[in-house]
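# Inside the fold
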Amino acid sequence: MESEIREEVFTTEDGLVGVLTRPGTGDLRGRPAVLLLNSGNIHRVGTGRISVILARRLAELGHPVLRFDHSGVGDSPPRRDGLDLEDGRVVEIVDVMAAMEDRLGVDRFVIHGLCTGARDAFYAALTDDRIVGLVQIDGFAYRNFRFYLRKVSRRLGDLPSVVRGVGRRIGILPRPEQSTPADDMWVEEWSEYPPRAEVEEGYSTLTSRGVALYVAFTGSWEEEYNYESQFLDMYPEVDFRDLLTLRYLPDAAHTLLDPKSREKVVGGICEWITDALAPDHRLAS
């Protein structure tokens, strides 16, 4: 493991601003570079500084890592070309990869995204075959029969909650005041999911290309994802082979502010990238 890392400001011709974290020594062309995307409007530090922590850990493993701000976020100026939000972010990811390839000589990339970043990473991976690995935390989730069965069984197992819920629904008991959890993140621009079949087709495309996947869901997604293998059940037509690493963290909050939850994710990603995308590893297409 590399003990020394370096950090420097990284900018593109279009004015996007980021911080490049890289090993102090060694040939950067041996391992894929990693891009850490914004989560909604949270700038490149990430929730609870997770992007900083992850970038430094990955750099210690020999990977150059860029955590950059999309246009209109953090230190990056807004776009002025009229592209919508999602299309613009995909264009920016591709542009940033081109800049890293030009300056560092890297030509393989892993894209990491949480929440809206998970969606942006997915569409970027479908756009550019230089992307050989994809990390998605709390991304697309589609309810299915087993989801509803598990949800009902949980409710029936907690009869006091069922009674309170019925009482509130028929007006006997008052409804609780709505509040935003302190450890959660609300992102206005998260739009409706695309059709499930469209996402399933996308995963089929990625797996046919041999893209390695690290997918995780936290307990904050329980209204959409509530058991470990739901991801596999959502996309029954996709043959993930040995390309998928799937993690379910029901005790973790979406923003991963708890140190134990954050370490599970950071450690899991570092282990995954070492196993799935070693310097001499070339996934079969």
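Quantities reported herein were computed from a predicted structural model and do not represent experimental measurements.

With that out of the way, let us pick up the packing of helix α1 (residues 50-60) against helix α8 (residues 259-276). A pair of packed helices can be characterised by two numbers: the angle between their axes and the separation between those axes. Between α1 and α8, the shortest axis-to-axis distance is 10 Å and the interhelical angle comes to 30°. Judged by the angle between their axes, α1 and α8 are roughly parallel. In the crossing of α1 with α8, the sense of the turn from one axis to the other is right-handed. Side by side, α1 and α8 meet where Ile50, Ile53, Leu54, Arg57 and Leu58 of the first sit next to Arg262, Glu263, Val266, Gly267, Ile269, Cys270 and Ile273 of the second. Grouping the amino acids of the contact of α1 with α8 by side-chain chemistry returns 8 nonpolar, 1 polar and 3 charged.

On to empty space enclosed by the protein, then. In this structure the tally under the stated criterion is 2 cavities of 30 Å³ or more. Here the largest cavity is characterised by a volume of approximately 90 Å³. Lining the largest cavity are 14 residues, and of these Leu37, Ser39, Gly46, Ile50 and Ser51 sit closest to its centre. If you list the elements that add at least two residues to the lining of the largest cavity, you get α1 and β5 (109-114). Grouping the amino acids of the lining of the largest cavity by side-chain chemistry returns 6 nonpolar, 7 polar and 1 charged.

Attention now goes to unusual backbone geometry. Unlike most non-glycine residues, Cys115 shows phi in positive territory, near 60°. One can find Cys115 in the loop between β5 and α3 (116-127). The buried category is assigned to Cys115, whose relative accessible area is 3%. A positive phi angle, close to 55°, is found at Asp138, a residue other than glycine. As for its position among the elements, Asp138 is in the loop between β6 (131-137) and α4 (145-156). Assessed through its relative accessible area of 0%, Asp138 is described here as buried.

Attention now goes to the pattern of salt bridges. All chains considered together, the criterion is met by 14 salt bridges. Residue Arg44 pairs with Asp69 through a salt bridge whose shortest N-O separation is 2.6 Å. Of this pair, Arg44 sits in the loop between β3 (33-36) and α1 while Asp69 sits in the loop between β4 (65-68) and α2 (85-104), and the two are 25 residues apart along the sequence. Both residues of the pair, Arg44 and Asp69, belong to the buried class. We note a salt bridge from Arg146 to Asp233, for which the minimum N-O separation is 3.8 Å.

Turning our attention to the pairing of strand β2 (residues 17-23). Taken across its 7 residues, β2 has 7 buried, putting it largely inside the fold. Here strand β1 (residues 5-11) runs beside β2; their pairing, made up of 7 bridges, is antiparallel. Paired with Ile5 across the strands is Pro23, a residue of β2. Taking the residues that link successive antiparallel strands as the turn, the β1-β2 hairpin has 5 residues, and the phi of Gly15 there is positive, at about 95°. Relative to β4, β2 runs antiparallel, the two being bridged by 4 bridges. When the sheet's bridge partners are listed, Gly18 is paired in β4 with Phe68.

Once that is clear, we can look at the environment of Tyr248. Here Tyr248 lies in strand β8 (residues 244-249). Measuring from C-alpha to C-alpha, the distance between Tyr248 and Gln230 comes to 9.5 Å, with 18 residues separating the pair along the chain. If we skip the residues at most four places from it in the chain, Tyr248 touches Arg154, Phe217, Tyr225, Asn226, Tyr227 and Glu228. In terms of polar contacts, Tyr248 uses its side chain to reach the backbone carbonyl oxygen of Asn226, at 3.4 Å.

Attention shifts here to the pairing of strand β7 (residues 212-218). Within β7, 7 of the 7 residues are buried, which leaves it mostly tucked inside the rest of the structure. Of the two faces of β7, both are covered, the one formed by Ala212, Tyr214, Ala216 and Thr218 as well as the one formed by Leu213, Val215 and Phe217. Examined bridge by bridge, β6 and β7 share 5 bridges and lie parallel to one another. Opposite Ile137, over in β7, you have Ala216 as the bridge partner. Where β7 meets β8, 6 bridges bridge the pair, whose relative direction is parallel. Along β8, the bridge assignment pairs Thr218 with Leu249.

Mapped onto the secondary structure, Asn226 falls in the loop between β7 and α7 (230-234). When near neighbours in sequence (up to four residues on either side) are disregarded, Asn226 contacts Phe147, Arg150, Lys151, Arg154 and Tyr248.

Conventions we followed
Residues numbered from 1 in each chain as written. Predicted model: local features only at pLDDT ≥ 70, side-chain atom pairs only at ≥ 80, totals over all residues. Heavy atoms only, no water. Axes fitted to C-alpha atoms, helices over the stretch in contact; angles between N-to-C directions. Helix = DSSP H or I, 4+ residues; strand = E, 2+ residues; numbered from the N terminus. Parallel < 35°, antiparallel > 145°, perpendicular 65-115°, else oblique. Left-handed = near helix turned anticlockwise from the far one by under 90°. Contact = heavy atoms within 4.5 Å. Nonpolar A, V, L, I, M, F, W, Y, C, P; charged D, E, K, R; others polar. 1 Å grid on protein atoms, 1.4 Å probe; cavity = no way out; pocket = protein on both sides within 12 Å on 5 of 7 lines; lining within 4 Å. Points joined across faces, edges and corners; volume = space filled by probe spheres on them. Buried < 20%, exposed > 50% of the residue type's maximum accessible area, 1.4 Å probe, protein only. Salt bridge = Lys/Arg side-chain N within 4 Å of Asp/Glu carboxyl O. Pairing = 2+ DSSP bridges. Polar contact = N/O pair within 3.5 Å; in protein donor to acceptor, adjacent residues only side chain to side chain.

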